[in-house]
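One-letter residues, chain by chain:
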Amino acid sequence: MTGRPGRAGATGRAGRGGSQASSGDLLELVRSGRATTRGALQQATGLSRATVGQRLERLFRAGWLREGAGGPVDSPLGGRPSITLEFDDAHAVVLAADLDTRHARAAVLTLTGELLAEHCGILVVEDGPDAVLGELGRWFGELLLKTGRDAREVCGVGLAVPGPVDSDSGRVVQPPIMPGWDGYDIRGRLARSLREHAGAPAVPVLVDNDANLMAYGEQRTGYPDCSAFALVKVSTGIGAGVVVDGSIYRGVDGGAGDIGHIRVGADALCRCGSQGCLAAVASGGAVARRLAEAGVPAASGSDVRRLLAAGHPEATALAREAGRRVGDVLATVVTLLNPGVLMVAGDLAGTPFLTGLRELLYQRALPRSTAHLDVVTSRLGERAGLVGAGALVVEYLYSPERVEERLAALGV
């Protein structure tokens, strides 16, 4: 299944007139917590009691809604408490994976983001999409067995990749650090792998950039009220994800946030083929290369992270220098976007890097742009991409429009 994954949420239809409030709109009101009783749904939509009941019945028959405990009594005259309505997150599960350049994480998640099972392991993107996605399908099959969930309970798959993605097609576009992946049919290959290893039916496969999904996961779980949220991932490469008004900002073709290839005037060849990119001088890969040249064993951002954790003096100095480089670029980003939260994540996201970043950011950015800015580190850590990938699938599948399509397909 294809289709551009957008934000599911209030579309405004539920509040504009009863005739326009569908079963999908009612489910969205319940999921968001804005209306969780039949009476509250009537008030929010203007629908009659009978119409609300009919449209809720479709959701009950699909197994997507359940009755919870009694709520407070609405009437001052007393009476029976209102029965609350809840989204039933037990009726399906989501598969999610986060690919890095040399390793990956895969998980089975509930529809509310609870992690049921997880696997981490070596998976090298340079081995190519056929091999990587084939192995990923095997991981998913083993995880489903571990959780005891049937493959028919899988409603969708979310995949984070370290490159720019055209979200309409789910294909990566000219990825600098993913050789052999450009234009590859990721959705089709992963669906075949799932059938082979798990017997899973055809389900939507949504693919997005890893920094985008990390930002989405972090914003939704830790900063839901932040209307402009930016995350910078500094690992083997450098990328950024931006969430505006609850939606991932991707640009016209998925290229937004690719700050690792902003030219900074340095004399260094980047993996994209250009000279002087930020990633060529300030990424975890760049720091690892400089350490290796100095005789310190390091080949990737994860190696640098281990050295930083051990307090290695040269790694610490280089990480702070890299932070200054990135902070210089982020001064422009912050001035342009004016975010409320700037989150730093990835292998280099420790004290030395953050110290250098803050030093240049606050020195170069206009005070007006940083007056209400919080510079923070990741809350979800290495699971941020998984959480974001799972949330993307759920928001896509349970958007009001998609709910109506799925209910019709179920015949309810």
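What comes next concerns the included structure. (Residues numbered from 1 in each chain as written. Predicted model: local features only at pLDDT ≥ 70, side-chain atom pairs only at ≥ 80, totals over all residues. Heavy atoms only, no water.)

1. With respect to the layout of surface pockets
Heads up, the condition is: Space inside and on the surface of the protein is sampled on a 1 Å grid over the protein atoms alone, with a cavity defined as a set of points where a 1.4 Å probe fits but cannot get out and a pocket as an open set with protein on both sides within 12 Å along at least 5 of 7 lines; lining residues have an atom within 4 Å of a point. Grid points are joined across faces, edges and corners, and a volume is the space filled by probe spheres set on the points. The secondary structure listing takes helices from DSSP runs of H or I that are at least 4 residues long and strands from runs of E that are at least 2 residues long, numbered from the N terminus. Classes in brief: Ala, Val, Leu, Ile, Met, Phe, Trp, Tyr, Cys and Pro nonpolar; Asp, Glu, Lys and Arg charged; the others, Gly included, polar.
Empty space within the second largest pocket amounts to approximately 660 Å³. In terms of lining, the second largest pocket is formed by 41 residues, of which the most central are Thr101, Ile177, Thr236, Gly237 and Ile238. Counting residues per element, the ones that place at least two in the lining of the second largest pocket are α6 (210-222), β11 (238-244), α7 (278-282) and α8 (284-293). Per-element tally for the lining of the second largest pocket: the top contributor is α8, with 4 residues. Here the residues of the lining of the second largest pocket are counted per class, giving 18 nonpolar, 15 polar and 8 charged.

2. Topic: the sheet that holds strand β6 (residues 154-161)
This is how the line gets drawn: The pairing criterion for strands is at least two bridges between them, as found by DSSP. Only the stretch in contact is used when fitting a helix axis, every axis being a line fitted to C-alpha atoms; angles between N-to-C directions are given from 0 to 180 degrees. A contact between two residues is defined here by any heavy atoms of the two lying within 4.5 Å.
The strand order across the open sheet formed by 5 strands is β5-β4-β3-β6-β9, and the pairing between neighbours is mixed. Each edge of the open sheet is held by one strand with a lone partner, namely β5 (115-122) and β9 (205-209). Averaged over all adjacent pairs, the angle separating strand axes in this sheet is 15 degrees, with direction ignored. Relative to β9, β6 runs parallel, the two being bridged by 5 bridges. Bridge pairing links Val157 to Val205 in β9. Those strands touched by helix α13 (residues 384-397) are β3 (93-99), β4 (103-109), β5, β6 and β9, and its axis lies near 135 degrees from that of β3.

3. Considerations on unusual backbone geometry
We apply this condition: Burial here depends on accessible area, computed with a 1.4 Å probe over protein chains only, as a share of the maximum for the residue type. Under 20% is buried, over 50% is exposed, and the range in between is partly exposed.
The backbone of Gln174 shows a phi angle near 45 degrees, a positive value even though the residue is not glycine. Relative to the assigned elements, Gln174 resides in the loop between β8 (171-172) and α5 (186-198). For Gln174, a relative accessible area of 62% puts it in the exposed group. Look at Asn338: it is not a glycine, yet its phi comes out positive at around 50 degrees. If you trace the backbone, Asn338 turns up in the loop between α10 (313-337) and β13 (341-345). On the basis of relative accessible area, Asn338 is assigned to the partly exposed category, the value being 42%.

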